[in-house]
Amino acid sequence: MIKKKKLALILGIVFGFVLLDQLYLHFWLSSNSTNFKRSLDIDDVRQLIQASKDAKVTTILFDPVILEAWHGNSDVAVPGVCIFLCHVIGPLTFAVTSAQLRDKPAFLSRLAQLGFTVTLFSTSDGKRSHVFLFRYGSPLHLTVLDVNSAAGYLRQYALTGPPHNMAQVKQYITKDAWDQIKVDRAYERLTTKDVKIDGVELTVPSDIYTFVKDYRDAHFIPCNESRATFYNLKHMKGETPEETRFKHKAWKLLGKAKTILDQLKVPFWLSSGTLLGYYRQCDIISWSMDVDIGIFIEDYTYRLIPEFENRGLRLTHKFGKLSDSLELSFKEEDIKLDIFFFYTEGATMWNGGTQAKTGKKFKYIFPAFTLCWTEFLDLKVRIPCQTEEYIRANYGPAWFTPVRQWDWKSSPPNVIENGEWPEAQWSDVIVVKE
């Protein structure tokens, strides 16, 4: 009885989506002269999967909406009824790797023989990025993933191409889906499993919950190599051996911090001087003498300090408290890692600072930001998506010009005084171990 009710509810939701889809189709047809079949044809999917098997290409169902709907109701199946796949709005997305498309040219040829119109998109440097397959129903979409072996992630390039081809596929894609594929994206490496959805044998991510979460947060911003080259030509005059050694140690420290925080599932991003070096020169600032990262205070865990200490990083100071201006510093050898915790206040975000000798508090205010991925020195790390706004808040409009003398209490344009810690609290909020 319970299962019948659940099935009825799911079918009701599905038919609701179908009704919305038909309304969308009616609206689109009223303003366009070309008719097309918008609903997915399940035989198109079967033919794609068969062609994949024949060519020994792993084609992964990569559609988060369908995967999430199926994952929560995988026990529901009605013979002969397409419950999940057939009611996708827009193209159904699969993923293949760029290496497979390169090494298995017969795959796309076989799809063309089966009656698919194959529309290819490539990046400006010639890498295949997306494939759209048109046959009987709404198109199937293959997103091409580039495997980055050094940094260990999967890269999806933005959809770009000739205006005619872009216009052809855009008419099938919802606004949300369009926003996802018109930007670069990055995903964690994933394992897969074989399942059956609507009677079709498909390959899907092994951990669908993690995949869906990863998909939603996958926006990727590559470092601007042209800007870095210009900066280096204008300002770099060679590094001392000590500066070169510092950069190598700082990179190792950042990598270790990433490993620890990834294991704790604590998101972090490049901040302060480390972010400035990334954005300005795609490198670590050789005279900065520390590594700076940010963490939202909501993501703090009491396991953080013990985990860092267990990995050989010595806690040198702990300022503030969980509810106000928390800041941690660790050292590995002679390199310092500063962790700034960020608080949300209206339309702004801020992190705190404390002067140990006086108990004075400081607040560094930033416009609200979201997080994106990037690759920094072979590490997949987060940065504020609004990178330049963040840097301008912290360093002002002259951020491109190197400054070697910096006072953390007065130099940043976004710093304000924020009162003082009561002396009775100093033993708790000003902990110095150096």
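The preceding data block contains the structure.
Every chain is numbered on its own, with residues counted from 1 as its sequence reads. With the structure being a predicted model, the display of local features is reserved for residues of pLDDT at least 70 and the display and counting of side-chain atom pairs for 80 or more, all residues being used for whole-chain, interface and lining totals. Processing note: side-chain calculations cover all non-hydrogen atoms of the structure and skip hydrogens and water entirely.

### Here we look at the overall build of the protein chain
Definition in use: What counts as a helix is a DSSP run of H or I of at least four residues, what counts as a strand is a run of E of at least two, and both are numbered from the N terminus. Buried means the residue's accessible area, taken with a 1.4 Å probe over protein chains only, is under 20% of the maximum for its type, while exposed means over 50%, and partly exposed covers the values in between. Contacts: residue pairs with any heavy atoms within 4.5 Å of one another. Here the accessible surface of atoms and residues is derived via Shrake-Rupley with a 1.4 Å probe, and residues count as covered only by protein chains that are part of the display.
When helices and strands are tallied, the protein chain shows 14 helices and 20 strands. If you line up the protein chain on its principal axes, its C-alpha atoms span 75 × 60 × 45 Å. Here the protein chain holds 434 residues, and the buried ones make up 50% of them. Sequence separation of at least 24 residues holds for 68% of the intrachain contacts in the protein chain that already meet a minimum separation of 6. Within the structure as shown, the protein chain displays about 21400 Å² of accessible surface, and the carbon and sulfur contribution to it stands at 55%.

### Section: the nonpolar core
So the rule is basically this: Residue types Ala, Val, Leu, Ile, Met, Phe, Trp, Tyr and Cys, when buried and joined through side-chain atoms within 4.5 Å, form a set referred to as a nonpolar core.
Counting residues in hydrophobic clusters, the biggest one holds 61 residues, and the most contacted among them are Phe-308, Ile-339 and Phe-341. Among the elements that make up this core, the one with the highest residue count is helix 10 (residues 241-264) (8 residues). Those residues in contact with Phe-308 that sit more than four places away from it in its chain are Ala-257, Ile-260, Leu-261, Leu-313, Phe-330, Leu-337 and Ile-339. Membership of the second largest hydrophobic core comes to 49 residues, among which are Val-76, Phe-107, Leu-154 and Phe-211.

### A look at the side chain of Thr-143
The test is simple: In the analysis that follows, any N or O atom pair within 3.5 Å is treated as a polar contact, provided that within protein one partner can donate a hydrogen and the other can accept it, and provided that, for residues neighboring in sequence, both atoms belong to side chains.
Relative to the assigned elements, Thr-143 resides in strand 5 (residues 140-148). Side chain to side chain, Thr-143 and Gln-156 meet in a polar contact 3.1 Å long. Other than its neighbours up to four places away in sequence, Thr-143 contacts Phe-62, Thr-93, Phe-94, Ala-95, Val-96, Ser-129, His-130 and Gln-156.

### Thoughts on a nonpolar patch on the surface
What counts here: For patch building, the residue pool is restricted to those with more than 30% relative accessible area and no salt bridge; the joining distance is 9 Å between like charges and 5 Å between nonpolar side chains (Val, Leu, Ile, Met, Phe, Trp, Tyr). Put simply, a salt bridge is a Lys or Arg side-chain nitrogen that is within 4 Å of an Asp or Glu carboxyl oxygen.
Taken together, Val-403, Trp-406 and Trp-408 make up a surface patch of nonpolar side chains, about 290 Å² in accessible area. Assignment of secondary structure puts Val-403 in the loop between helix 13 (387-395) and strand 19 (415-420).

### Here's the deal with the packing of helix 11 (residues 272-281) against helix 13
The test is simple: Convention adopted: a line fitted to C-alpha atoms gives each axis, helices being fitted over their contacting stretch, and angles between N-to-C directions are expressed from 0 to 180 degrees. Just so you know how the angles are binned, under 35 degrees is roughly parallel, over 145 roughly antiparallel, 65 to 115 roughly perpendicular, and the rest oblique. Here a crossing is taken to be left-handed if its near helix is turned anticlockwise relative to the far helix by less than a right angle, and right-handed if that turn runs clockwise.
Contact geometry of helix 11 with helix 13 gives a least axis separation of 10 Å together with a crossing angle of 130°. Considered as vectors, helix 11 and helix 13 are oriented oblique to each other. Relative to helix 13, the crossing made by helix 11 is left-handed. The segment helix 11 lies against helix 13, with Ser-272, Gly-273, Leu-275, Leu-276 and Tyr-279 engaging Thr-387, Glu-388, Tyr-390, Ile-391, Asn-394 and Tyr-395.

### A short note on the state of the cysteines
As a reminder, the rule being used: By disulfide we mean two sulfur atoms from cysteines, separated by a distance within 2.5 Å.
What the rule picks out here adds up to 3 disulfides. The disulfide that involves Cys-223 links it to Cys-282, with 2.0 Å between the sulfurs. Between Cys-223 and Cys-282, the disulfide has an S-S torsion of -105° and is therefore left-handed. Of this pair, Cys-223 sits in the loop between helix 8 (208-216) and helix 9 (225-235) while Cys-282 sits in the loop between helix 11 and strand 11 (290-296), and the two are 59 residues apart along the sequence. In this structure, Cys-223 and Cys-282 share a single accessibility class: buried.

### Things to note about unusual backbone geometry
Non-glycine residue Asp-198 carries a positive phi angle of around 55°. Among the structural elements, Asp-198 can be located in the loop between strand 8 (192-197) and strand 9 (200-205). In this model, Glu-333 sits at a positive phi of 55°, which is unusual for a non-glycine residue.

### Topic: the pairing of strand 14 (residues 335-345)
Test applied: Two strands make a pair as long as DSSP finds a minimum of two bridges between them.
When you tally the buried positions in strand 14, you get 8 out of 11 residues, the bulk of the element. Relative to strand 14, strand 11 is paired through 7 bridges, and the arrangement is parallel. The residue bridging Asp-292 from the neighbouring strand is Asp-338, located in strand 14. Linkage of strand 13 (residues 324-332) to strand 14, two consecutive antiparallel strands, is achieved through a turn of 2 residues, within which Glu-333 is found at a positive phi near 55°.

### Details of helix 10
Heads up, the condition is: An expected span of 1.5 Å times one less than the residue number is assigned to each helix.
Helix length check: helix 10 (24 residues) gives 35 Å between terminal C-alpha atoms against 34 Å at 1.5 Å per residue, within 8%. Positive backbone phi, approximately 60°, marks Lys-265, located one or two places after helix 10.

### Focus: the packing of aromatic side chains
Just so we agree on the cut-off: When the centres of two rings from Phe, Tyr and Trp lie within 6.5 Å, Trp using its six-membered ring, the rings pair. Their planes under 30 degrees apart give stacked, over 60 give edge-to-face, and anything left gives tilted. In this scheme, Lys NZ or Arg CZ marks a charge over a ring once it lies within 6 Å of the ring centre and within 35 degrees of the ring normal.
Counting across every chain of the model gives 28 aromatic pairs. Here Phe-369 and Tyr-390 contribute two aromatic rings whose centre-to-centre distance is 5.1 Å and whose plane-to-plane angle is 85°, an arrangement assigned as edge-to-face. Residue Phe-369 is located in the loop between strand 16 (360-367) and strand 17 (371-376), and its partner Tyr-390 is located in helix 13; the two are separated by 21 residues in the primary sequence. Each member of the pair Phe-369 and Tyr-390 is classed as buried. The structure contains a cluster of three or more aromatic residues connected by ring pairs, namely Trp-269, Phe-296, Phe-342, Phe-366, Phe-369 and Tyr-390. Lying over the aromatic face of Tyr-215, Arg-185 brings its terminal NZ or CZ to 4.4 Å of the ring centre. The ring centre of Trp-421 lies 4.3 Å from the NZ or CZ of Lys-361, which sits over that ring.

### A look at helix 6 (residues 163-170)
Defined as follows: Here the arc refers to the set of directions running from the helix axis out to each C-beta atom.
Every buried residue of helix 6 is accounted for by Asn-165, Met-166 and Val-169. End-on, the buried residues of helix 6 take up no more than an arc of 100°, which puts them together on one face. Summarising the geometry of helix 6, the exposed residues directed more than 90 degrees from the buried face are Pro-163 and His-164. Taken together, the buried residues of helix 6 touch strand 3 (117-122), strand 4 (128-134) and helix 7 (175-181).

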